[in-house]
Every structure is written in structure tokens, then in C-alpha cells.
Amino acid sequence: GAAGAARPVTGILNGMNRRYVSVWLKHWAAERRRADGARLAGPLALVHAVSGGVRIGAVDAEAARDGIAPGMTLADARALLPAVRTAAADPDGDAKALAGLTDWCGRYTPFTASDGLDGIVLDITGCAHLFGGEDRILDDLTRRLRRMELSVRVAAADTPGAAWAWARFGRGSLVPEGKTKDWLADLPVTALRLSSETDVRLREFGLARIGDLYRMPRAPLAQRCGLQVLNRLDQILGHAAE
């Protein structure tokens, strides 16, 4: 499968319920750089120059456990953790490497695509039985990626958006077919992949969970918070194509 080749469809096709896997590589940029050699042994932070100084752009799991976070100044990070190692951020290299890993995921399905800066989406419709079921695919995928020393969470669901949300904000693993609405109800609205402005506006109206949106009339919700909310909600529930 080539990056960008995922089918832009959801729901039922030819009588078959579609199923998708989302792979979240939480510390992708920093952890893929650790493979460059022992000199980058963690805790590792990737840095980039900004107006007025140098800031942290990405961290590996070890640096994150020690309190280093993207957005910190390098000076603050070193004050908190003098042992932190640094390397220059390389977004082009990150994207190229992610595309390569996306191709590698073609072992599970011919339909794969990079998803943002730290994710991969796989259309596994009709493929799961070849591996003994969806749970076997998720277990094998997780095991192989962890052998590459990558922090990873995976989830399968009826739509790409639902799988994305469950991998990052749920418990990972499987959202059963037809259960998206119920299983995602308690997730924060951030899991809808909204802009920061829309996310803040929803919370200002007391709409903190996805389930809160189910009870809202659509027209007033769109008027107050924008059409993006309805579009993203429809996407995760399979009423609109990705």
C-alpha cells in the first residue's frame, strides 16, 4: 500500500461493513531519530529555532516522563532535566520515514495512508479473517512496532475518525461494529479532531464530551460552534465520508 491510498469511503460497501485501524505513534519524531545512533540515546528532545530562542518541538517517551514537553524553551527544559539530549527537528525526514512505515503496513492491507504527523490509517475491510481476526491484527501490529522501540497505540472501528479517537483518547483496541456512538460518548470533544478555537467554544457552552453533542439540535449547534462540529461528528459516526 502506498501512502495516500486509503479509500475515502465509510459505512457499508457491497454489503460489507467497513473497518479501519488507526495507528498512533505518540512520540514518532523523536523516537525515529533515536535509531540514528547511540549518541541520541534518551531522554531526547528535538528542537527548532523560533523568534527569541530555541524551543522543544518533540520529545521521546523518556523525556516526557521527566516532564519535558513540546513548546518549552530549551533553557527551561535543561533547567528541569540537565541530562536531556537534543537534536535538530527534521519534519521532512519525519514525513518521509512515516511514509515508509505506512508502506510497511501494507502487510495487513493494500489500503494504507499516513495520517497527520504521527499516525497511519489502514482500511482492513475484508482482511481481518486472513490474520485470525481484528484483535490478532492489532496485537501483531502493536508487537512489531514496539520491537522498533516506538510508543504506539492502535484501535479498530467502523470509521477512520472513530478509530483515530479511540486510539488517542479511548482505551485502544476494538470498538465493536455498530457501537461507535455508545463507545465514544464519554470521550472529550477534542477527539473529534476539531480546531482549537472550536474546541474552546464547545467547552464554553458546557459541551465537553462527544455524547453531549448527541442531544443538541443540529441547527443551533452549527450556529453557535460552526459547521466543523457537525461534519466531524458525522464522519466518526459514518454519516459523512472522510
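Residues numbered from 1 in each chain as written. Predicted model: local features only at pLDDT ≥ 70, side-chain atom pairs only at ≥ 80, totals over all residues. Heavy atoms only, no water.

1. Focus: the overall build of the protein
Moving on, step 1. Within the protein one finds 11 helices and 10 strands.
Moving on, step 2. Computed over the C-alpha atoms, the radius of gyration of the protein is 19 Å, within 12% of the 18 Å expected from 2.2 N^0.38 for a compact globule of 242 residues.
Moving on, step 3. The principal-axis extent of the C-alpha atoms belonging to the protein is close to 55 × 45 × 25 Å.
Moving on, step 4. Every one of the 242 residues in the protein was classed for burial, and the buried ones make up 45%.
Moving on, step 5. In the protein, the proportion of contacts linking residues at least 24 apart, taken out of those at least 6 apart, comes to 52%.
Moving on, step 6. Mean positive and mean negative side-chain charge positions of the protein (32 and 28 charges, respectively) differ by 1 Å. (Helix = DSSP H or I, 4+ residues; strand = E, 2+ residues; numbered from the N terminus. Rg over C-alpha atoms; globule rule 2.2 N^0.38 Å. Buried < 20%, exposed > 50% of the residue type's maximum accessible area, 1.4 Å probe, protein only. Contact = heavy atoms within 4.5 Å. Lys, Arg positive; Asp, Glu negative; His and termini not counted. Charge placed at Lys NZ, Arg CZ, Asp CG, Glu CD.)

2. With respect to the sheet that holds strand β6 (residues 85-88)
Moving on, step 1. The sheet built from three strands is open, its strands ordered β5-β4-β6 with mixed pairing. Where the open sheet ends on each side, the last strands, each with one partner, are β5 (53-59) and β6. Across the sheet, the mean angle separating the axes of adjacent strands is 45 degrees when strand polarity is ignored.
Moving on, step 2. In this structure, strand β4 (residues 44-50) lies alongside β6, joined through four bridges in parallel fashion. Directly across from Leu 44, in β6, lies its bridge partner Arg 85. (Pairing = 2+ DSSP bridges. Axes fitted to C-alpha atoms, helices over the stretch in contact; angles between N-to-C directions.)

3. Quick look at the environment of Gly 211
Moving on, step 1. Mapped onto the secondary structure, Gly 211 falls in helix α9 (residues 210-214).
Moving on, step 2. Exposure remark for Gly 211: the relative accessible area of 6% places this residue in the buried category.
Moving on, step 3. Taking C-alpha positions, Gly 211 is 8.8 Å from Pro 188, a pair spaced 23 residues apart along the chain.

4. Overview of the packing of aromatic side chains
Moving on, step 1. Taken as a whole and assessed by the stated rule, the structure comprises four aromatic pairs.
Moving on, step 2. Ring geometry for Trp 104 against Tyr 108: centres 6.3 Å apart, planes inclined by 75 degrees, an arrangement best described as edge-to-face.
Moving on, step 3. Overall, the relative accessible area of 22% leaves Trp 104 in the partly exposed class.
Moving on, step 4. Arranged with centres 5.5 Å apart and planes meeting at 45 degrees, the rings of Tyr 108 and Phe 131 form a pair that is tilted. Of this pair, Tyr 108 sits in the loop between α4 (91-104) and β7 (112-115) while Phe 131 sits in the loop between β8 (119-123) and α5 (134-147), placing them 23 residues apart in sequence.
Moving on, step 5. Overall, Tyr 108 belongs to the buried group, its relative accessible area being 2%. (Phe/Tyr/Trp six-rings, centres within 6.5 Å; stacked < 30°, edge-to-face > 60°.)

5. Section: the packing of helix α10 (residues 218-225) against helix α11 (residues 227-237)
For any two helices packed against each other, the geometry is given by the interaxial angle and the distance between the axes.
Moving on, step 1. At their nearest, the axes of α10 and α11 sit 6 Å apart, and the two run at 125 degrees to each other. Accordingly, the angle class assigned to the pair α10 and α11 is oblique. Contacts from Arg 218, Leu 221, Ala 222 and Cys 225 of α10 reach α11 at Leu 227, Val 229, Leu 230 and Asp 234.
Moving on, step 2. Among the residues forming the contact of α10 with α11, the class breakdown is six nonpolar, no polar and two charged. (Parallel < 35°, antiparallel > 145°, perpendicular 65-115°, else oblique. Nonpolar A, V, L, I, M, F, W, Y, C, P; charged D, E, K, R; others polar.)

6. Considering the pattern of salt bridges
Moving on, step 1. As enumerated under the stated definition, the model contains 14 salt bridges in all.
Moving on, step 2. The residue Arg 18 makes a salt bridge to Asp 123 at a minimum N-O spacing of 2.7 Å. Of the two residues, Arg 18 sits in the loop between β2 (16-17) and β3 (20-25) while Asp 123 sits in strand β8, which places them 105 residues apart along the sequence.
Moving on, step 3. The buried category is assigned to Asp 123, whose relative accessible area is 1%.
Moving on, step 4. Note that Arg 32 and Asp 90 form a salt bridge whose closest N and O atoms lie 3.0 Å from each other. Pair noted here: Arg 32 is in helix α1 (residues 28-33) and Asp 90 is in the loop between β6 and α4, with a separation of 58 residues, a long-range link.
Moving on, step 5. Taken together, the salt bridges that share partners define one network made up of Arg 19, Glu 134 and Asp 158. (Salt bridge = Lys/Arg side-chain N within 4 Å of Asp/Glu carboxyl O.)

7. Observations regarding the packing of helix α8 (residues 196-204) against α10
Moving on, step 1. The N-to-C vectors of α8 and α10 enclose an angle of 120 degrees; their axes lie 10 Å apart at closest approach. On the basis of the axis angle, α8 is oblique to α10. Side by side, α8 and α10 meet where Thr 198, Arg 201 and Leu 202 of the first sit next to Leu 221, Arg 224 and Cys 225 of the second.

8. Here we look at the pairing of β3
Moving on, step 1. Of all six residues that make up β3, six are buried, and the element is covered over most of its length.
Moving on, step 2. Residue alternation in β3 divides its side chains into two sets, Tyr 20, Ser 22 and Trp 24 and Val 21, Val 23 and Leu 25, and both sets are buried.
Moving on, step 3. Relative to β8, β3 runs antiparallel, the two being bridged by five bridges. Bridge pairing links Tyr 20 to Asp 123 in β8.
Moving on, step 4. Both β3 and strand β9 (residues 152-157) contribute to a ladder of six bridges, which runs antiparallel. Across the sheet, the residue bridging to Leu 25 is Val 152, located in β9.

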